[in-house]
Structures are given as structure tokens and as C-alpha cells.
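For reference, the chains in residue letters:
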Amino acid sequence: MILKNINPTSTKAWSALQEHYNKIKEVKMQEMFKENSNRKSDFTLKFEDFTLDFSKNRIDLKTFDLLINLAKKTGLKEAIEAQFSGEKINITENRAVLHTALRDKSETPIRVDGKNIKIEIKETLEKIKDFSDGIIGGKLKGFTNKPFTDVVNIGIGGSDLGPKMAVEALKFYQNNLRCHFISNVDGDHVFETIKGLNRETTLFVIVSKTFTTQETLTNALTVKKWFLDQATEADIAHNFVAVSTNLKSVEEFGISPNNIFPMWDWVGGRYSLWSAVGLTISLSVGFNNFSAFLEGAFQMDTHFKSASFNKNIPVVLAMLSIWYNNFFKSETEVLLPYSQYLALLPMYLQQTVMESNGKSVDRNGHSVNYQTGNIVWGSTGTNAQHAFMQLVHQGTKLIPADFIGFSEPLYANADHHSKLMANFYGQTEALCKGKSIDEVNNELAQKSSEIKNLSPFKTFEGNKPSNALLIQKLTPNALGKLIALYEHKTFVQGVVWNIYSYDQFGVELGKELAKNHLKK
Ligand code: F6P
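Residues numbered from 1 in each chain as written. Predicted model: local features only at pLDDT ≥ 70, side-chain atom pairs only at ≥ 80, totals over all residues. Heavy atoms only, no water.

## Section: the sheet that holds strand S1 (residues 44–47)
- Pairing within the open sheet is mixed, and its 6 strands lie in the order S1-S2-S13-S12-S10-S11. Across the chains shown, the open sheet's two edge strands, defined by having one partner strand only, are S1 and strand S11 (375–378). Across the sheet, the mean angle from the axis of one strand to that of its neighbour is 20°, orientation sign disregarded.
- In this sheet, strand S2 (residues 50–53) lies alongside S1 in antiparallel orientation, the contact comprising 4 bridges. Counterpart to Thr-44 in the pairing with S2 is Asp-53.
- Along the sheet, helix H14 (residues 313–327) contacts S1, S2, strand S10 (332–337) and strand S13 (466–471); its crossing angle with S2, the most-contacted strand, is approximately 25°.
- Contacts from helix H15 (residues 345–357) reach S10, S11 and strand S12 (401–406), with the element oriented near 175° to S11. (Pairing = 2+ DSSP bridges. Helix = DSSP H or I, 4+ residues; strand = E, 2+ residues; numbered from the N terminus. Axes fitted to C-alpha atoms, helices over the stretch in contact; angles between N-to-C directions. Contact = heavy atoms within 4.5 Å.)

Quick look at the structure:
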């Protein structure tokens, strides 16, 4: 067994946590802050330009130790080593899981079936570089010899969400190429996207690991037909490229072998933006920025691999998430980036987290008797404050929140930024402290009796957990770190829950049944 097979709930570490939970569950964070004057520094971690303040969680030092102990007792250390070294930890598909190799800047070889995959990774990166430089610089042109103005990425799931999220997140660094994304098999999505585009100056990047995905193939064929209204089959070689493992089907589609960027079965779709699946990112911001993005992820990988669990940001976030999911029985967690650039991050991470850990069968093939994958949702602050945060503050559900903010804005907009970040801190404080009925009554004391009756409605229970992740500045490097951080958090949770995080059989049944409906 490559990964240990341990039912976490049968461990002493779990029982100790359960016992401790029964004691601590009603304790207010405010009391814990009073009791421990070092609480903030005890529960703050720094890694390069990242600072995680997790002091506003319903934990004390003992909880923290017990959570870290659970991570140790469920074979996490061995699992991390197995993943990074290329062991086939994706057992159900008999594959290695090596998205981390795509950003590994070290010289150490990584072997899959005896072959050092670092060589092909390097070659592919060079191909991405040459191609991006050629398109951005105007050396590579469309079929009528005009430089490209637009790029259309056609893909779905991991072949869409990652590039789309990163292109949006790095808009500040974007060059003059306009990037568009077609994912849904909804034809209106396709025609709405291409309606204003010029065939001569548009590059189509078809991204599909399998090149069998119904949505992507349908959309690619529609776009090809539209292109051929004013071009010839031979022109496809200038304006179409593909990223796939399925070279045969790509060639059958009509794309020249020179225009195919490889993918490998040891990269899962939802972890693939670091590969040539990220070609549109490199086209949008240039290869140097793409490379900095990879470098950031590599730095986070190094931290994840080497930091002790109690100082390890992905491990700490994962164990806190388990604390709420499995002990407080929270169903969901909310992600709140205080940057409009990160608007697509919650949607992107929904696939990472929910496709990976939405499993109810353990590594023995038995149904689990505990909760696994949490539901992730969210939106940008401050927009979220004027939408769903009411429920997080005063609703009946316990929803742990991750706040992500930046110390510096990208434009010189100090006034906006101080307001944005004041809200970031204000929200975490309000969630933690709440507002007692006495405080409300004091405030209302001067008002008429009718207004005084409002006090129950104006009371905030508080004691709502949140993490505050403060990053220096939204750079490609920082984005790489951030995405890798959440990838590792997801992995840790899958390890502790004793499930397989790297298959996604759950998406198949609906696809098959849809085919039957098509035949009708
Ligand atoms: O349907 C789920 C899925 O397999 C995802 O895991 C994947 O990211 C997506 O479909 C797209 O797959 P492909 O890149 O093979 O078209």
C-alpha cells in the first residue's frame, strides 16, 4: 500500500480530539484571547511574502497540538513524500500525481516508470516560451499574415477554470492580446464569444487532456466550421493549436503535429494549469511571468515538503478545516479574496477541492462513517459583504471563512486600498467578537422603547472562525504560491480522510446518461 490505510476516526488522536471538542465547543474566542496574551503570535505563521493569522479560530494551544498530532498519525509525512517522488498514489487510476514536477526548478530527476519526466517538462516549457514569444512579438502570424490580437481558449473543467482564473488574476500584467474562454457546450456561449472576433487575427487554443470531452470537441468543431467559412483547411495550421495527451485525435481534428503541446497522465485536469494547459496564461502575461508563477508554486511546494506540520501553512489550514468539518459539523467554508482580480478563485477552487475530496468511499472501498469533502464557495470582498455575509454573521450555520488580502495594491490607490483592507480586518473582527445584547442595549439606551425591542435582532453572536491570509502584493509569484497552498491543503485533507483525492469517477454517470438522451 503506497498510502497508509487508516480510518482517522479509529485513531487515538481522533478520540482525543473528540474529547477535547466536547470541552471546548462552547468556549468563546474572546475569552481565549483574554486568557492568552500571546494568542496572535502563537497562531501566526509567516512564509516569505505570506502571513497567516489563524488566531480567530475556535482552538487553543491544546486543540492545535491535537490537530497536528492527527495529521502525523494518519501518515501524512509518508503521503507527501510518496506524492512528490512520483509514486502512483492515484491508485484507482494507477497514476502518479506530479503537478508539482511541472514547477520543480531543481535538477533532481523525477521518474515515472523509469523515465525522467523533467526532460519532457523542460522541452515543453521551452516550446511554451518560444510560442508565447512568437505570438506576443508578432513573429508568428495568422493565416493572412497578420499579427494576432485575440486568443480563444476552448476547454472545460481543469482545461478552462485554471487558465481563466489566472488570466483574470494577472490582468495587471497582461499584454495587448485579448483572451477569451469558451467552455460550456451551450452554443450561445460559443457564438457570443466569437461574434466580434476576426478570424484572421484570432488564435484558438484547444485544451483537452483526453480530447474526448463532449463539450470541448463540440465547441472546437463549431469554431473550426466558423473559421473555415473564410479560410481553408491548410490555414488551420496557423490559427489553431492544441494541448492534449491524445495526439492521434488532435491530428484527426486537423491540427498540425507541430502545434500540439503535450500533456501527461500524471497531471490531473484540475491541477494542470502549471502544464501547457496554462498556455493561455503565458500568452496573456508573457513567459517570464508564467515562469514566476511556476516559481511561486515551487516555493510553496518546498515549504509544504520541509516545514514541520505546526509551521506548515497548507497543513495548518487543512487541519483547521477538518476541525470544523468533522467536529463542529460545518458543511461549508467561504473564501473571501479582497481583490477583484481574484474574482474567479472560489470557482476555480471549487473544482480543486470538491472534485478531489467529494468522495464517500475510503481506501478499502468501504463507505466512510464520517464527513469528507467540504463545500467551498465565496466571492470577493467587499462585494460579499453586501450580499451573503449577513448569513455568515447572523445565520444559523457555522461557516469558517478564509480572508485573503494584499498589503499593497497594484495601482497607486492608497485611499481605496486602505478602505478595502479596513473592511478585511473589520469583517474578521466582527465575526470573532460579535456584539452582545448588553452592548446593543447600551447603544439603544437613549432611544425610544420601540427601538429597544430591536436589540435581539441587532445582536451578533460572534465566535465565528476565520483565517486571515495577508500577502504582500498580487504578483505572478504570489499567485503561484496561493494556488499551490490550496492544492496542498486539499491533498492533506484527502490523506487524513483516507480517501483517494485524484480520481473523479463521480462525473462519469451523468455524462453517460446524457449520451443516452442524445440518442433518443
Ligand atoms: O468531467 C471532469 C473532467 O474530467 C475534469 O476532471 C477535467 O478537468 C475536465 O473533465 C476536462 O477534461 P479534458 O481536459 O480531458 O477535456
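Next, the rest of the story.
## Remarks on the pattern of salt bridges
- Tallying each qualifying case throughout the model produces 28 salt bridges.
- In this structure, Glu-333 and Lys-489 form a salt bridge, with 2.7 Å as the shortest nitrogen-oxygen distance. Of this pair, Glu-333 sits in strand S10 while Lys-489 sits in helix H21 (residues 476–496), placing them 156 residues apart in sequence.
- According to the relative accessible area criterion, Glu-333 is buried, its value standing at 11%.
- Owing to a relative accessible area of 6%, Lys-489 belongs among the buried residues under this scheme.
- Asp-415 is the partner of Lys-419 in a salt bridge, and the nearest nitrogen-oxygen pair spans 3.2 Å. Of this pair, Lys-419 and Asp-415 both sit in helix H17 (residues 414–433), 4 residues apart, roughly one helical turn.
- It is possible to trace a salt-bridge network through shared partners that takes in Glu-48, Asp-49 and Lys-481. (Salt bridge = Lys/Arg side-chain N within 4 Å of Asp/Glu carboxyl O. Buried < 20%, exposed > 50% of the residue type's maximum accessible area, 1.4 Å probe, protein only.)

## Here we look at the domain arrangement of the protein chain
- The assigned domain composition of the protein chain is domain 1 (8–94 + 307–407 + 418–507) and domain 2 (111–290).
- Domain 1 and domain 2 are separated by 35 Å when their C-alpha centres are compared.
- Counting residues at the interface gives 27 residues for domain 1, matched by 20 residues for domain 2.
- Of the roughly 2,000 Å² buried between domain 1 and domain 2, counting both surfaces, carbon and sulfur atoms make up 63%.
- Contact with domain 2 buries area across many residues of domain 1, yet Tyr-341, Tyr-348 and Pro-476 alone supply 31% of it, more than any other trio.
- The tally of links between domain 1 and domain 2 comes to 2 salt bridges.
- Our count for the domain 1 to domain 2 interface comes out at 11 residue pairs in polar contact (both at pLDDT 80 or more).
- Within the side of domain 1 that touches domain 2, the residues separate by chemical class into 12 nonpolar, 10 polar and 5 charged. (Domains from an automatic or database assignment. Buried area = accessible area lost by both parts, 1.4 Å probe. Polar contact = N/O pair within 3.5 Å; in protein donor to acceptor, adjacent residues only side chain to side chain. Nonpolar A, V, L, I, M, F, W, Y, C, P; charged D, E, K, R; others polar.)

## Overview of the site of the ligand
- Within the structure, the ligand sits among 14 residues, and Gly-158, Ser-159, Ser-208, Thr-210 and Thr-213 are positioned closest to it.
- For the ligand, an oxygen atom lies 2.7 Å from a polar atom in the side chain of Ser-159.
- Burial of the ligand by the protein amounts to 88% of the accessible area it has alone, namely 400 Å².
- For the shell around the ligand, the per-class residue count stands at 2 nonpolar, 9 polar and 3 charged.
- In terms of domain composition, the shell around the ligand takes at least three residues from each of domain 1 (8–94 + 307–407 + 418–507) and domain 2 (111–290). (Near = heavy atom within 4 Å. Areas by Shrake-Rupley, 256 points an atom, 1.4 Å probe, with all protein chains shown as cover.)

## Considerations on the environment of Gly-358
- Relative to the assigned elements, Gly-358 resides in the loop between H15 and S11.
- According to the relative accessible area criterion, Gly-358 is exposed, its value standing at 54%.
- Taking the C-alpha atoms as reference, Gly-358 lies 39 Å from Phe-227; in sequence the two are 131 residues apart.

## Here's the deal with the packing of aromatic side chains
- Within this structure, the stated rule accounts for 33 aromatic pairs.
- Summarising the aromatic geometry, the rings of Trp-264 and Trp-266 are spaced 4.8 Å apart at their centres and angled 5° between planes, so their arrangement reads as stacked. Here Trp-264 and Trp-266 have matching classes, each one buried.
- Note on Phe-424 and Tyr-425: the rings are 5.0 Å apart at their centroids and 85° apart in plane angle, and the pair reads as edge-to-face.
- Using a relative accessible area of 42% as the deciding quantity, one classes Tyr-425 as partly exposed.
- Here a set of aromatic residues connected by ring pairs shows up, and it is made of Trp-14, Tyr-21, Trp-323, Tyr-324, Phe-327, Phe-328 and Tyr-370.
- Cation over ring: Lys-127 sits above Phe-261, and NZ or CZ is 5.1 Å from the ring centre. (Phe/Tyr/Trp six-rings, centres within 6.5 Å; stacked < 30°, edge-to-face > 60°. Lys NZ or Arg CZ within 6 Å of the ring centre and 35° of its normal.)

## Things to note about the packing of helix H13 (residues 287–306) against H21
- Running from N to C, H13 and H21 point in directions that differ by 40°, and their axes come no closer than 7 Å. Taken together, the axes of H13 and H21 lie oblique to each other. As for how H13 packs across H21, the hand of that crossing is right-handed. The residues of H21 that touch H13, namely those facing Asn-289, Ala-292, Phe-293, Glu-295, Gly-296, Ala-297, Gln-299, Met-300, Asp-301 and Phe-304, are Pro-476, Asn-477, Leu-479, Gly-480, Lys-481, Ile-483, Ala-484, Leu-485, His-488, Phe-491 and Val-492.
- Within the contact of H13 with H21, the residues separate by chemical class into 12 nonpolar, 6 polar and 3 charged. (Parallel < 35°, antiparallel > 145°, perpendicular 65-115°, else oblique. Left-handed = near helix turned anticlockwise from the far one by under 90°.)

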